[in-house]
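Geometric and topological summary
The primary structure of each chain is shown beneath.
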Amino acid sequence: MMVDVQKMEQLADNLAAQEEVVGRSLFADARRRFFKNKAAVVSLILLCGVFLFSTFGHMIAVWSNEEIDWGILGQIAELGAPSIENGHYFGADELGRDLFARVVQGTQISLMVGIIGALIAVVVGTLYGAIAGYSGGKVDNVMMRIVDILQSIPYMFVLILLLVVFGRSIFMLFVGIGLISWLDMSRIARGQTLTLKNKEFVEAAIATGVKPITIILRHIVPNLLGVVVVYSTLLVPQMILTESFISFLGLGVQEPNTSWGAMIAEGAGTMQYGTLWQLAFPMFFFIITLFSFFFIGDGLRDALDPKDR
Amino acid sequence: MSTKEPILSVRDMRVEFKIKKQNALPWHQPDILRAVKGVSFDLAEGETLGIVGESGCGKSTLARAIIRMIPSQGGEVFWQGRDLMKMNEKDLLGIRKEIQMIFQDPLASLNPRLTAGQIIAEPLKTHHPNTSKDEVKKQVRELMEKVGLSARMINRYPHEFSGGQCQRIGIARALITNPKLIICDEPVSALDVSVQAQVVNLLMDLQKELGLSLLFIAHDLSVVKHISNRIMVLEFGDIAEIGEAHDVIHNPQSPYTKELINAVPIPDPIAERKRIAERRALEAKA
């Protein structure tokens, strides 16, 4: 048999020169599984669309969100319907403002509330839970009883009180939502930490003399991330819902600012005058976003934990 | 072995666990489980002491108490003449560099989110935080080759390795700080028999090369017999017998050791039948 010696040598050289095989991390594996899930990928695309709409929507809008179209004021039901010709793509609201620009503005605020609320939950809740679970004993007891107490207070009541006492502002809304959002997360993180801290790799770190805070940040938290990521995608819509509810009650964001909840409330109020588009468009974005987050959360859970499917 | 000064001597080690009864009220006295009841032994430099006993007899508890991973209720541990039990955290950190540990479950003892290189480098980064990145990488690669892993695998994650390879990573992690004593907590019982032999031989080679002392915990007598200079038999937290490996195996003094040795199957049908008969006789006597 003929053997191409030169080629074989080349192959051997190639193999020898092959430096450092790149490993596939658990997250890389999960990413591959996630992109096989059609519902999750479609949701991700839709969500990206909503994001783009909220950031670049004002460039497409003919009218700004503050201008009042005097030409149709008073005859919204007849002249304010969605149309391409007069530039009101989504129609106009009761005051003659362009609904398209208003929806863009509301989307920005609702997404911001959802994401910042979830972010506070992830950072504070995960660290708090991991520290409580890892310390154990009395520290754990005290820390989790604080969570119990905070959780037993009816948060909607506190939130409304906060907004009434300190005045209605987006900042106060963030404070109120941030105060409550991390409680559930800390419980979840603590529960996971309890199972993790008896694993041998944590013992190995203790035996080596690694500092407790380093163990938490290096060994516990990265292994919590799977659960935390899934839970936080479910938390974003929860935050949006909370904000919408507060705004629906008329306590959340204040004019001239707006959010999905506030717009849905306005739209619901004018339903009977035949201006259904004022309800339909904010509602459409609201529902699309919530569904997308839920499907992404589902997809992430399946991707990160293939055994539990 | 008695001619050398012991590197580690344990005196009257006691470990107790409080066990809450079910439905106990806060003022109820908890039950006390005595896991280790006053164990004393010496370990010389370069020596291997095998610790055997059935599961739940306190082997692992003893090992963890010696390096203060769990609190002990009494006893002294002298490491090169200094009492570990009375040390503050800072001094203890210096000692942790010299005593490393290998664990039972090879995969569970490696953090799944870190690469092999990061895992092996962790003790080095803990004890010598000022080592440069290149130096760390160089040492990790050297060690990986030493324990029989290709240094190309440095960026792989634990789940991409087999059980035996994972245990080699565990050994590399234990070796990187140049320890004097390695506590092996059943390092081979989760492995396949053929892989067991490889890992045990690797440990013995490394011991010869680096002059390590080993505290080798196992419930498998044949493995312990192979690797140990001396053997200590634990019976419910007490020492049943301690002595030269050959003596303990071939001339056991305590009835507990005899029972343990008789429980080991022999891969020879005739000898195996004889063993079973002897075992029955022993059980009848007891």
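Residues numbered from 1 in each chain as written. Chains lettered and ligands numbered in written order. Predicted model: local features only at pLDDT ≥ 70, side-chain atom pairs only at ≥ 80, totals over all residues. Heavy atoms only, no water.

Notes on the side chain of B:Arg64
Secondary-structure assignment places B:Arg64 in helix H1 (residues 59-66). Accessibility expressed as a relative area gives 12% for B:Arg64, which makes it buried. Residues within four places of B:Arg64 in sequence aside, it is in contact with A:Glu203, B:Met69, B:Ile70, B:Met101, B:Phe103 and B:Asp185. (Helix = DSSP H or I, 4+ residues; strand = E, 2+ residues; numbered from the N terminus. Buried < 20%, exposed > 50% of the residue type's maximum accessible area, 1.4 Å probe, protein only. Contact = heavy atoms within 4.5 Å.)

Considerations on the side chain of B:Lys59
Residues and elements named next belong to chain B. Residue placement: Lys59 occurs in helix H1. Residue Lys59 is classed as buried on the basis of its relative accessible area, which comes to 4%. A polar contact is formed between the side chain of Lys59 and the backbone oxygen of Gly53, at a distance of 2.9 Å. Those residues in contact with Lys59 that sit more than four places away from it in its chain are Ile51, Val52, Gly53, Glu54, Glu186, Ile217, Ala218, His219 and Leu234. (Polar contact = N/O pair within 3.5 Å; in protein donor to acceptor, adjacent residues only side chain to side chain.)

Some details on the layout of surface pockets
Put simply, the second largest pocket is a space of about 650 Å³. As for the second largest pocket, its lining consists of 21 residues, of which A:Tyr134, A:Ile206, A:Val210, A:Pro212 and A:Ile215 are closest to the centre. Elements with a contribution of two residues or more to the lining of the second largest pocket: helix H9 (200-208) and helix H10 (212-248) of chain A together with helix H2 (89-96) of chain B. With five residues, the top contributor of residues to the lining of the second largest pocket is H2(B). Grouping the constituent residues of the lining of the second largest pocket by class yields nine nonpolar, four polar and eight charged. (1 Å grid on protein atoms, 1.4 Å probe; cavity = no way out; pocket = protein on both sides within 12 Å on 5 of 7 lines; lining within 4 Å. Points joined across faces, edges and corners; volume = space filled by probe spheres on them. Nonpolar A, V, L, I, M, F, W, Y, C, P; charged D, E, K, R; others polar.)

A closer look at a negative patch on the surface
A cluster of acidic residues, B:Glu54, B:Glu235, B:Asp238 and B:Glu259, forms a negative patch on the protein surface. Mapping B:Asp238 onto the fold places it in strand E10 (residues 238-244). (Patch = residues over 30% accessible without salt bridge, like charges linked within 9 Å, V, L, I, M, F, W, Y side chains within 5 Å. Areas by Shrake-Rupley, 256 points an atom, 1.4 Å probe, with all protein chains shown as cover. Salt bridge = Lys/Arg side-chain N within 4 Å of Asp/Glu carboxyl O. Lys, Arg positive; Asp, Glu negative; His and termini not counted. Charge placed at Lys NZ, Arg CZ, Asp CG, Glu CD.)

Section: the domain arrangement of chain B
By domain assignment, chain B separates into domain 1 (1-98 + 180-199 + 206-252), domain 2 (113-178) and domain 3 (254-286). Summarising the inter-unit geometry, the C-alpha centres of domain 2 of chain B and domain 3 of chain B are found 43 Å apart. (Domains from an automatic or database assignment.)

Remarks on the sheet that holds strand E5 (residues 82-83) of chain B
Strand pairs in the sheet, formed through backbone hydrogen bonds, run parallel or antiparallel to each other. All names here are of chain B. Reading across from one edge, E2-E1-E4-E5 is the order of the four strands in this open sheet, with antiparallel pairing throughout. Two strands close off the open sheet at either side, each with one partner strand: strand E2 (31-44) and E5. Where strand E4 (residues 74-79) lies against E5, two bridges are found, and the strand directions are antiparallel. Paired with Trp79 across the strands is Arg82, a residue of E5. Here H1 sits on the sheet and contacts strand E1 (6-19), E2 and E4; the angle it forms with E1, its principal contact strand, is near 115°. (Pairing = 2+ DSSP bridges. Axes fitted to C-alpha atoms, helices over the stretch in contact; angles between N-to-C directions.)

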